Amino acid sequence: MSAIGVVSSCSCLRPGVWLLKPGMQKMSSFGLHTAARCAAKDYYEVLVLGGGAGGITMSARMKRKVGAENVAVVEPSKTHYYQPLWTLVGGGAKQLAASARPTGSVMPKGVEWIKSRVTALDPDKNCVWLENDIKISYKYLIIALGISLHYEKTGKRSKANIMFNTSLGVIFGVKKYADALLEIIKERNIAVNYKRNLVEVRADKQEAVFENLDKPGVTEVHQYEMLHVTPPMGPPDVLINSPVADEIGWVDVNKETLQHKKYPNVFGIGDCTNLPTSKTAAAVAAQSGVLDKTISLVMKNQLPTKKYDGYTSCPLVTGYNKVILAEFDYDAQPLETFPIDQSKERITMYHMKADMMPFLYWNMLLRGYWGGPAPVRKIMHLGLK
C-alpha cells in the first residue's frame, strides 16, 4: 500500500494547536506522534502536516483507521523528514504584512485592546477606517458594526464617523446575505467604499492612503483617529514553490475529492488549499467528512466517490445577541441547515454560535466526529418535500 499525506490546517483557529503539543500528556487522549521533542520513527502510514483544525480532526480520523502508532503530525516548530505512505497537508495561511498592533483583533487580548481604544476616542472627531483583504472579510465588517453599536449604546453615535473600506467589489459574496447586511449597514449609517486597497499608512499624520482599484494609480487620502487594518494573507513559505503547490502557492487539490491533482497519495484540507470557498472551521468540518471517505477508498485502490460541494458557514454577528447564519456552497448559493430564512437576524442563531458551535468544535470536530451539518440539513428539510 502506498503512503498518505494530508496537508491540513485552519490558521484562523490556531488556539486548537495546543492539542498537538507533546507536553500535554502525550497529546492528551490522542496518543499521536508529533515532530519536535517526541520520540519518532522513520516510517508512518499517515503523515499530517499542520496542526490547525484540519490537521487535528484528520489526525483523529486517521488514528481510527490505521492506529495512533502509524500517524505522525508535523507542526512548524521543527520539521523532520519521515517516509510516509500517505500525506495530508494543511499549513494554513500566512500574514504577508506586519500590523502595528501585534495582537489579533479577533483574539481575546486584541478585543480588549480595541475596546479600550474605542472607549478612549473622542467621538466629536472620531473617524474609524477599516480595510480588509482576502481572508474572512466579514469578521472585520463585524468590528465596524460592533463599534457603531457601542456608540449607540453610549449615546454618541451621531458624532462618530465610521467608514469601512474593502478591496472587494461586494460587501459579502452571497447576494442573499449581502442584501441583509447592506440594510443593517444603512441603518447604522456606516460608509462603505468598494475596490479600495490600502497602499500606505502615514502614522505621523494619521493618514491612510487607498488606491481606487477601478482607476489604477489613482489614490485617495483619508485622515483617521483610529485605523483597523487586516494585513493581506497568503500561502505559508513552506508551500510556496513546493511540488504540491499551484502557481500561487496553495496546495493544488481536486475541489470535490480534496485529493492532490498530481500526487494521488497527497490530500489537502483547510486554509492552505486552493479550494474556492471561504476559509472557515465550518468548511474544514465539511471537508473532513469528504476527505475521510476519499482516503478510505484510495487506501483500497478505489476511486473517490464522495464530493465536497464547497459548503462553508459564516456566523455574521450583527448585534449583542443577534446573528445572521450564512451558509453557502461553491456557487455562492445558500445551503442552509434550517428550514427558515437564515438571512434574518436571530437570537436563536446567536445562541447557536455562542453556545452550540464551541461544543461542536472542541468535542466533535477536533475528535474527528463532526463532518459538517449535511445530515442535520437533510433531517430538518424532510418535512418540506
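What comes next is a walk through the structure. It should be emphasised that the depicted structure is a prediction, and the values quoted were computed from it without experimental measurement. (Residues numbered from 1 in each chain as written. Predicted model: local features only at pLDDT ≥ 70, side-chain atom pairs only at ≥ 80, totals over all residues. Heavy atoms only, no water.)

### Things to note about the pattern of salt bridges
Under the convention used in this document: For this analysis, a salt bridge means a side-chain nitrogen from Lys or Arg found within 4 Å of a carboxyl oxygen belonging to Asp or Glu. In this scheme, a residue with accessible area under 20% of its type's maximum is buried, one over 50% is exposed, and one in between is partly exposed, where area comes from a 1.4 Å probe on protein chains only.
Applying the stated criterion to the full structure yields 11 salt bridges. Between D252 and K261 there is a salt bridge, with its nearest N and O atoms 3.4 Å apart. Classification of D252 by relative accessible area gives buried; the value is 18%. Look at K261 and you get exposed, because its relative accessible area is 58%. Taken together, the salt bridges that share partners define one network made up of R61, K65 and D292.

### With respect to the sheet that holds strand 10 (residues 196–202)
As a reminder of what qualifies: Whether two strands pair comes down to DSSP finding at least two bridges between them. Helix and strand assignments follow DSSP, with helices taken as H or I runs no shorter than four residues and strands as E runs no shorter than two, numbered in order from the N terminus. Comment: axis = line fitted to C-alpha atoms, over the contacting stretch for helices; angle = value between 0 and 180 degrees taken between N-to-C directions.
Strand order in the open sheet formed by 3 strands is 10-11-12, with antiparallel pairing between adjacent strands. Of all strands in the sheet, those with a lone pairing partner are strand 10 and strand 12 (219–223), marking the two edges. Adjacent strand axes in the sheet meet at a mean angle of 30°, parallel and antiparallel pairs treated alike.

### Topic: the packing of aromatic side chains
For clarity, the cut-off: We call Phe, Tyr and Trp rings a pair once their centres come within 6.5 Å, taking the six-membered ring for Trp, and we label the pair stacked below 30 degrees between planes, edge-to-face above 60, and tilted otherwise.
In this structure the tally under the stated criterion is 4 aromatic pairs. With centroids separated by 5.7 Å and ring planes inclined at 85°, the aromatic side chains of F172 and F328 adopt a geometry described as edge-to-face. In this pair, F172 is assigned in the loop between strand 8 (161–166) and helix 4 (175–188) and F328 in strand 17 (residues 322–328), connecting sequence segments 156 residues apart. What makes F172 buried here is its relative accessible area of 7%. Relative to Y330, the ring of Y308 has its centre 5.5 Å away and its plane inclined at 75°; by these criteria the two rings are edge-to-face.

### Section: the packing of helix 1 (residues 53–66) against helix 5 (residues 281–299)
What counts is decided by this rule: Helix crossings are classified by the rotation of the near helix relative to the far one: an anticlockwise turn of less than a right angle makes the crossing left-handed, while a clockwise turn makes it right-handed. In this analysis, two residues are considered to be in contact whenever any of their non-hydrogen atoms come within 4.5 Å of each other. For this classification, Asp, Glu, Lys and Arg are treated as charged, while Ala, Val, Leu, Ile, Met, Phe, Trp, Tyr, Cys and Pro are nonpolar and the rest, including Gly, are polar.
In contact at an axis separation of 10 Å, helix 1 and helix 5 are set at 35° when each is read in the N-to-C sense. At the point where helix 1 passes helix 5, the crossing takes the right-handed sense. Residues A53, G54, T57, M58, R61, M62, K65 and V66 of helix 1 touch helix 5, and the partners they reach there are V284, S288, G289, L291, D292, I295, S296 and M299. Among the residues forming the contact of helix 1 with helix 5, the class breakdown is 8 nonpolar, 5 polar and 3 charged.

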